[in-house]
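Chains, contacts and geometry: an overview
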Amino acid sequence: MQRWPVLLFLAWVCLLFFAGIGLFMSGFLLTRIELASSSSCSDPLVPPPWERQSLPPGSCWSPQRFSKAVLVIVDALRFEFAHFNPAKASPLPYENKLSFLHHLATSQPRHARLYRFRADPPTATMQRIKGLTTGSLPTFIDVGSNFATYAIQEDNLLAQLVQNGRRVVFMGDDTWEGLFPKKFFRSYFFPSFNVKDLHTVDDGILQHLYPTVDSGEWDMLIAHFLGVDHCGHKHGPDHPEMAKKLTQMNDMLRSLVDHLGNDTLLLVAGDHGMTETGDHGGDSEKEVNAALFVYSKTPLFGTRPPEEPEAIPQVNLVPTVALLLGVPIPYSNIGEVMAELFSGDGDTVSAALQQLSVYHINAKQVDRFLHSYSLVAQDLPAEQLQRLQELFSGAVEEHTQLLAQVQGTTLVPPELESRLGSLISRFQLYLREARAVCTQSWARFHPLRMVGGCTLIATSCLLCYMASELAAALDSFYHSCLLYPLLWGLVVAVLLGLACVFTQEGLDLLLVLSWAAAASQLGFFWHWRGQHPKRARLVGSQLPLASVGLRQRLQAWLGLAFPMGILLFRCGAMFSDSFVVAEARVAPFLLASLVMLLVGKLHWDGRLTVAEGPKQQLLGFSSYRREIWYLLCLVAMLLVCVRLSGFFHQCREEIPQCRPSLFLSPLASLRNTRAKNLFYLLCVALLAGLVYAVRSWLRHYGNLNSSDPLVLFVRWGFPMVVLCIACYWAVASSADDSLGKLQELVQVAVVAFPWAVYGLASMGLLLLLCNPMTVFAKDRRESEGSIVTPYLGVPSSEVNLLHVIPQIYKRMQESQKSRLEQGSCKATVAAYGLGSVYSAALVIALTLLGFLLILLHSERLSLAFLLLFLEAFVLLHIHTCARGLAGDAGESGLSKASSGAFFCALVCGHLLAPCCFPVLLFHRPPAHIPGHPLECSLCGLPP
């Protein structure tokens, strides 16, 4: 087959899979439309006329209460980190460390208050920054861009501050640089990607924080500390390093308060929490339960704090800060103002009226956003929008009537005081239900697109299988597999495009691509149906279907029904919540049961026993074959590996009583230095053992005899990768206080060693793609041609269709036949590693992939990867042994061995080939095979 049709066919198949995956992702990954509108002071959302007259200069919508604000974001500040419990005599390392916050809250209850700051999932840093600045709900599709930030185009708090002439100064996490380009009056960005670095960002902030505060050249100061989050990733929360980092934050806050003025609002917030292993990103209670502390040197609250801290959503911070600073609320905000911060120093009625005023503004802003959003998207249900509109209209109308009664009066009747509280509750109900409707709508999947994407992917897999059969049997592969389907897809795409033009509807490129892909698949299957009888005649290996009896057809279908039923059941189980929750226990059970069923079937079929003689047959006795003991040892080894794999488990949020495996935490989380060193040596030894086993396997089967670049990389590159990983583990797991003057050198090493591993692994994969063959062939006579024959047109036999190994086998057979006809017993062709030519490339690729996965996980998970490799090795050997025991005794000859060598070489690399070619297919150099002189090794081989 020519090269260009094959490349075009592969490109078409990639397009089919891309369309299926894209269609599925569009229905599964939650998205929402971002509106380009922004708020301004001239918007018709002003307070009632009597209240607006009291607006001071420079205020929008509501009187400015503070001229400056400091937002201190302590990344991953879980509520338990900020909460102080004096009753605990022996607190954990992360408990009771922020004692200064407790001191302020108890000594000045009207100036300070602690809240539970509820984050919306996903609890990744970039998504939380968006929520804290826009007041909206980032969806799960944003998770993929957590490490590749893009500028926020939606209206946000920083844009409103800059638009109204405020100076915003930032210092800390450089994620903000990509989200808010050219928005800062002054900025000090520090790299945040290295989670092993606990001090660079925090020390850099502390270097600039106090001088910046004292200078007064700012209106909004944001300081984003990362040490607590990085400490959680590296050591976990229950570690002495976490106590040191929280103590540093406590000292920082104590000093910062001394530098603040009376007109400054202090906000200390966590963007998300963390699990017991220091991770975040999901929606578990510990991940979404962050802390918020509010403080001002002037009174903020009209009442004392409640017994238990109040829980507020993170989006509520945006409208609150905006109105306190006298700027408009961002256009897409769906948060609710924290009304207690607007009480002031007046009496109860004045505080209630001021709270109603900000609620009125907040409700109008949310109603405007919902109306604008419903015009451009159909995500929000119409009946729920109608109900929200009724709630909003009723609350606004009652507020207007109440203000008309209150205006001009000096004494408010008691019945109006009760109406004030009731009206506040109505505004709160509207705002909370509006947020609930948005949350529910933006968390809704699109089942039809998900099913369509899965169908496209499944039919693409079926198409690849059918195309492989057509390519082996038909001369017109180019027309059947490529030309006609592409024409079908192109016609459908053009028709859909014209339909969108004539109907003046928006063109959804993904839907057009999906329909075109489905049409091209339909065209392929239609032509395959027409070519199927021709294929049957060309192959000639099967009888026509009409000549097969009903019984034979039923047996053939039933033979496929059981394995296909297991496969479909396994795939269908992935859609079951209960199976997904219990998959860690079900999957090992199914694996062990399947292996035991295989051994039982071999026993029931009589493949494990052999009759001794007539007397034993008469008595019904039989002895077991010797291979059974090897098979039982493999089964026992697999069961042990499956049992040991149960020690590496992660807990799901649906199982609150579950405790995650200790092996998931990094070595840096261990307090005992001796245990840390022992685990480190064990992990490095296992990693080196894995590389030694792979190299020994390749050397044993003759795949390391040549001097090709790939072979040289396996010899020298693999040890270098192990050395880099071991060095990275050493510097990453060391305590920061034990490094001393080597701190800067270690920071460089933490980045350099992973890049070295990535570079070496990429080099190995590139060499593997360029030349995956690790066979070393020698011809001791003058060869008339190359061992692998060139392309000679359409294949004439089934053997030539499968290319590499059958051609080499055929060439060897012809060579041996010619030599034997001449009466010579001297072997002329020697091939090293031919029996494992396929499996060697697969093992090298899997080993390189294993290096990358080991580097991305914690050190002690290398034990799990070793078990994974061992289980795969044992499973393949069990499969090979079972095939050998279940094979037909009469099957022999070179053609049978050749056809069977493909699968067996892929499984373990040493089946059938060494049996049929005891010396020709060398697993190792001939000098390592004693007692088999090369000159006579091929005597007796059938020509």
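Structural data are supplied above this passage.
Here goes a summary of the coordinates provided. For clarity, every value in this text was computed on a predicted model and none was experimentally measured.

Overview of the packing of helix α24 (residues 673-700) against helix α29 (residues 837-856)
Between α24 and α29, whose axes approach to 11 Å, the crossing angle comes to 170 degrees. Between α24 and α29, the angle falls in the class roughly antiparallel. Of the residues in α29, those touching α24 at Leu687, Val691, Val694, Trp697 and Leu698 are Ser839, Ala840, Val843, Ile844, Thr847, Phe851 and Ile854. Class assignment for the residues of the contact of α24 with α29 results in ten nonpolar, two polar and no charged.

Quick look at helix α21 (residues 583-604)
For α21, with 22 residues, the first-to-last C-alpha span of 30 Å sits near the 32 Å given by 1.5 Å per residue. Among the residues of α21, those classed as buried are Ala592, Val595, Val599, Gly600 and Leu602. Mapping the buried residues of α21 onto a view down its axis gives an arc of 165 degrees, with all of them on the same face. Exposed positions of α21 whose direction lies more than 90 degrees from the buried face are Phe589, Leu594 and Trp604. In this fold, the buried residues of α21 make contact with α23 (627-645) and α30 (862-886).

Things to note about the side chain of His111
Relative to the helices and strands, His111 is located in the loop between α4 (99-107) and β2 (112-118). Only 3.2 Å separates the side chain of His111 from the backbone oxygen of Lys297, close enough to count as a polar contact. From its side chain, His111 meets the backbone oxygen of Thr298 in a polar contact 3.5 Å long. Not counting the four nearest positions on each side in its chain, His111 is found in contact with Val294, Tyr295, Ser296, Lys297, Thr298, Pro299, Leu300 and Phe301.

Looking at the side chain of Glu398
By the element assignment, Glu398 lies in helix α14 (residues 382-406). In contact with Glu398, other than residues within four places in its own chain, are Arg419, Leu423 and Arg426.

Topic: the sheet that holds strand β5 (residues 220-225)
Each strand in a sheet pairs with its neighbour through backbone hydrogen bonds, running either in the same direction (parallel) or in the opposite one (antiparallel). Taken in spatial order, the eight strands line up as β4-β3-β5-β1-β6-β7-β2-β8 in an open sheet, and their pairing is mixed. A single partner strand is all that each edge strand has here, and the edge strands are β4 (186-190) and β8 (311-313). Between one strand axis and the next, the sheet turns by 20 degrees as a mean value, whatever way the strands run. In this sheet, β4 lies alongside strand β3 (residues 168-173) in parallel orientation, the contact comprising five bridges. Paired with Asp173 across the strands is Phe190, a residue of β4. The strands touched by helix α8 (residues 200-215) are β3, β4 and β5; relative to β5, the strand with the most contacts, the crossing angle is about 160 degrees. Relative to strand β1 (residues 68-74), helix α10 (residues 240-259) is tilted by about 175 degrees, and along the sheet it contacts β1, β5, β6 (264-269) and β7 (289-296).

Re the state of the cysteines
Considering all chains together, one arrives at one disulfide under this definition. A sulfur-sulfur separation of 1.5 Å characterises the disulfide bridge that pairs Cys41 with Cys60. Handedness here is read from the sign of the S-S torsion; for Cys41 and Cys60, about 75 degrees, the answer is right-handed. A residue pair is termed long-range when its members are at least 10 positions apart, and Cys41 in the loop between α1 (3-28) and α2 (49-52) and Cys60 in the loop between α2 and β1 qualify at 19 residues. With no disulfide of its own, Cys461 lies closest to Cys464 among cysteine sulfurs, the gap being 6.5 Å. Between Cys727, a cysteine without a disulfide, and Cys724, which holds the nearest cysteine sulfur, the sulfur-to-sulfur distance is 6.6 Å.

Some thoughts on the pattern of salt bridges
Taken as a whole and judged by the stated rule, the model has 14 salt bridges. Residue Arg78 pairs with Glu276 through a salt bridge whose shortest N-O separation is 3.8 Å. Within this pair, whereas Arg78 is found in the loop between β1 and α3 (79-82), its partner Glu276 is found in the loop between β6 and α11 (285-288), the two being separated by 198 residues in sequence. For Arg78, a relative accessible area of 1% corresponds to the buried category. Here Glu276 falls in the partly exposed class, since its relative accessible area comes to 30%.

Thresholds applied
- Residues numbered from 1 in each chain as written.
- Predicted model: local features only at pLDDT ≥ 70, side-chain atom pairs only at ≥ 80, totals over all residues.
- Heavy atoms only, no water.
- Axes fitted to C-alpha atoms, helices over the stretch in contact; angles between N-to-C directions.
- Helix = DSSP H or I, 4+ residues; strand = E, 2+ residues; numbered from the N terminus.
- Parallel < 35°, antiparallel > 145°, perpendicular 65-115°, else oblique.
- Contact = heavy atoms within 4.5 Å.
- Nonpolar A, V, L, I, M, F, W, Y, C, P; charged D, E, K, R; others polar.
- Expected span 1.5 Å × (residues − 1).
- Buried < 20%, exposed > 50% of the residue type's maximum accessible area, 1.4 Å probe, protein only.
- Arc of directions from axis to C-beta.
- Polar contact = N/O pair within 3.5 Å; in protein donor to acceptor, adjacent residues only side chain to side chain.
- Pairing = 2+ DSSP bridges.
- Disulfide = S-S within 2.5 Å.
- Salt bridge = Lys/Arg side-chain N within 4 Å of Asp/Glu carboxyl O.

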